[in-house]
Amino acid sequence: MINFNVPPYVETAADYIQECVKNQKICGDGAYTKKCNAWFEERTGAGKVLLTTSCTHATELAALLCDIKPGDEVIMPSYTFVSTADAFVLRGAVPVFVDIRPDTMNIDENKIEAAITEKTKAIVPVHYAGVACEMDKIMEIAKKYNLYVIEDAAQGVMSSYKGKALGTFGNFGAFSFHETKNYSMGEGGALLIRDEKDIENAEIIREKGTNRSKFFRGQIDKYTWVNYGSSYLPSDMNAAYLYAQLEKADEIYEDRMNSWNLYYERLSKLKEMGKLELPTVPEGCVHNAHMFYVKLKDIEERTAFISFLKQNEIMSVFHYIPLHSAPAGQKFGRFHGVDEYTTKESERLARLPLYYGLKAEQVNYICDKIYEFFGVK
Ligand SMILES: *Cc1c(COP(=O)(O)O)cnc(C)c1O
């Protein structure tokens, strides 16, 4: 059986976690959390990076930092995970869903402007499959209308757009280290902060509304409750698990990329024959091999495709059901304009197994079976 996903694991993780336990240092913002924060600051160039308990929480933190209020509108794609919308719905805001581009499955940057109203507060681009949204255009619109940009870069760790790391364009960016992502701590995430002026408040809201971070740095001699907040910091044990992977980040990246490239190479002939479609990586985007998907003719062919692979012990899966078609999406949000591609393209997409440690012979076997499905030698 070839699983769809196997969470990343490196052996040093066990040693690092044991060290936390032995030293009885397992609470938040310990040595490993600091190492992870510093690692991401150095790799991404973000002004500040703070580890959080999830990407969902990092996005919630961003919504609080942008002071999102009831009735505010937030523009995002409908083709995304529920967390993208949840973080803003929790603040009473209305998600306004905009159609995606069929080539990247990302929000169509050319359809954003028409969805802006007087209530619009923010744009939330989601970098699907670790392939960047058209950030130049999105930042230009945000500037023109004075909107916040919060990047859902859950899948975009180690990806870039025109040489700059995803998550660092907007006011805030959110990474995920869920076990299905390229780098994992079981449950976890990070908030990327672009501007110096937002760092202090981010630290405060993340630490229950207290100025404890400042206190620990010795900048003040007492810590106190200074704002609203919550608890968004993970245990240092989880950070230790993640840090072990960060030390091997490039190796993990290369390994995934080799599988991705092999899929692409092997399936190109089927693409040329018009049997299926393969992912598009636009000029200027460097992706991170987070996902390899194919697009079939329609939902019927996709169902047959997934079940054929399953019969051959290969687990492939479909992905998001567009949020605007879900009960909560209908209750809390609205779709702006015409759903030209969101539903249609989401129904055609199937994701193939891809994880750190997937072997070339397994990718080859999967591709052989895909040729068999289409009856092509
Ligand atoms: C995984 C994912 C999330 C949620 O991440 P968590 O760390 O599980 O909260 C949010 N948005 C997108 C696009 C994701 O892929």
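See the structure above.
Residues numbered from 1 in each chain as written. Predicted model: local features only at pLDDT ≥ 70, side-chain atom pairs only at ≥ 80, totals over all residues. Heavy atoms only, no water.

Now for the overall build of the protein chain. Helix and strand content of the protein chain: 13 helices and 13 strands. The globule rule puts the C-alpha radius of gyration for 377 residues at 21 Å, and the 21 Å found for the protein chain is close to it. Here the C-alpha coordinates of the protein chain stretch approximately 75 × 55 × 35 Å along the principal axes. Burial analysis of the protein chain (377 residues in total) assigns 55% to the buried set. Sequence separation of at least 24 residues holds for 71% of the intrachain contacts in the protein chain that already meet a minimum separation of 6. For the protein chain, the accessible surface area stands at approximately 16,400 Å², while carbon and sulfur atoms represent 51% of it. For the protein chain, the distance from the average site of its 44 positive side-chain charges to the average site of its 52 negative ones is 2 Å. (Helix = DSSP H or I, 4+ residues; strand = E, 2+ residues; numbered from the N terminus. Rg over C-alpha atoms; globule rule 2.2 N^0.38 Å. Buried < 20%, exposed > 50% of the residue type's maximum accessible area, 1.4 Å probe, protein only. Contact = heavy atoms within 4.5 Å. Areas by Shrake-Rupley, 256 points an atom, 1.4 Å probe, with all protein chains shown as cover. Lys, Arg positive; Asp, Glu negative; His and termini not counted. Charge placed at Lys NZ, Arg CZ, Asp CG, Glu CD.)

Once that is clear, we can look at the side chain of Ser83. With respect to the helices and strands, the residue Ser83 is situated in helix H4 (residues 82–89). A distance of 2.8 Å separates a polar atom in the side chain of Ser83 from a polar atom in the side chain of Thr56. (Polar contact = N/O pair within 3.5 Å; in protein donor to acceptor, adjacent residues only side chain to side chain.)

Glancing now at unusual backbone geometry. In most cases, non-glycine residues show a negative phi, while peptide bonds are predominantly trans. A positive phi angle, near 55 degrees, is found at Gln24, a position not held by glycine. Position of Gln24 relative to the elements: it lies in the loop between helix H1 (12–22) and helix H2 (31–44). Positive phi is not limited to glycine here, since Ala129 has a value of about 60 degrees. Mapped onto the elements of the fold, Ala129 is located in the loop between strand E4 (120–123) and helix H5 (135–145).

Our next topic: the site of the ligand. Taken together, 15 residues form the shell around the ligand, and within it Thr56, Asp152, Gln155, Ser176 and Lys181 come nearest. At a separation of 2.5 Å, an oxygen atom of the ligand approaches a polar side-chain atom of Thr56. Asp152 places a polar side-chain atom, nitrogen or oxygen, 2.8 Å from a nitrogen atom of the ligand. Out of a free accessible area of 390 Å², the ligand has 92% covered by protein chains. Its residues placed into classes, the shell around the ligand shows five nonpolar, eight polar and two charged. (Near = heavy atom within 4 Å. Nonpolar A, V, L, I, M, F, W, Y, C, P; charged D, E, K, R; others polar.)

With 80 residues, the main nonpolar core has Phe177, Leu267, Val294, Phe305 and Ile370 as its most contacted residues. Among the elements that take part in this core, helix H9 (residues 249–272) stands out by supplying nine residues, more than any other. Each residue touching Leu267, except ones within four places of it in the same chain, is listed here: Leu276, Leu278, Phe292, Val294, Leu352, Cys367, Ile370 and Tyr371. Cys66, Met76, Phe97 and Phe172 belong to the second largest nonpolar core, which has 31 residues in total. (Core = buried A, V, L, I, M, F, W, Y, C linked by side-chain atoms within 4.5 Å.)

Quick look at the sheet that holds strand E9 (residues 189–193) now. Strand pairs in the sheet, formed through backbone hydrogen bonds, run parallel or antiparallel to each other. If you trace the eight strands from one edge of the open sheet to the other, you get E1-E9-E8-E5-E4-E2-E3-E12, paired in mixed fashion. At either end of the open sheet lies a strand with only one pairing partner, and these are strand E1 (48–52) and strand E12 (334–335). Both strand E5 (residues 148–152) and strand E8 (residues 172–176) contribute to a ladder of three bridges, which runs parallel. Paired with Ile150 across the two strands is Phe172, which belongs to E8. Its contacts with the sheet put helix H3 (residues 55–65) on E1, E5, E8 and E9, and the angle it makes with E8 is roughly 165 degrees. (Pairing = 2+ DSSP bridges. Axes fitted to C-alpha atoms, helices over the stretch in contact; angles between N-to-C directions.)

Let us now look at the pattern of salt bridges. Using the criterion set out here, one finds 23 salt bridges in the structure. Of the charged contacts, one joins Glu372 and Lys369 as a salt bridge, the two residues approaching to 3.0 Å between their closest N and O atoms. Taken together, the residues span about one helical turn, with Glu372 and Lys369 both in helix H13 (residues 360–374) at a distance of three residues. For Lys369, a relative accessible area of 14% gives the class buried. Residues participating in the shared-partner salt-bridge network are Glu277, Lys295, Glu345 and Arg348. (Salt bridge = Lys/Arg side-chain N within 4 Å of Asp/Glu carboxyl O.)

Everything listed is a geometric property; what it means functionally is a separate question.
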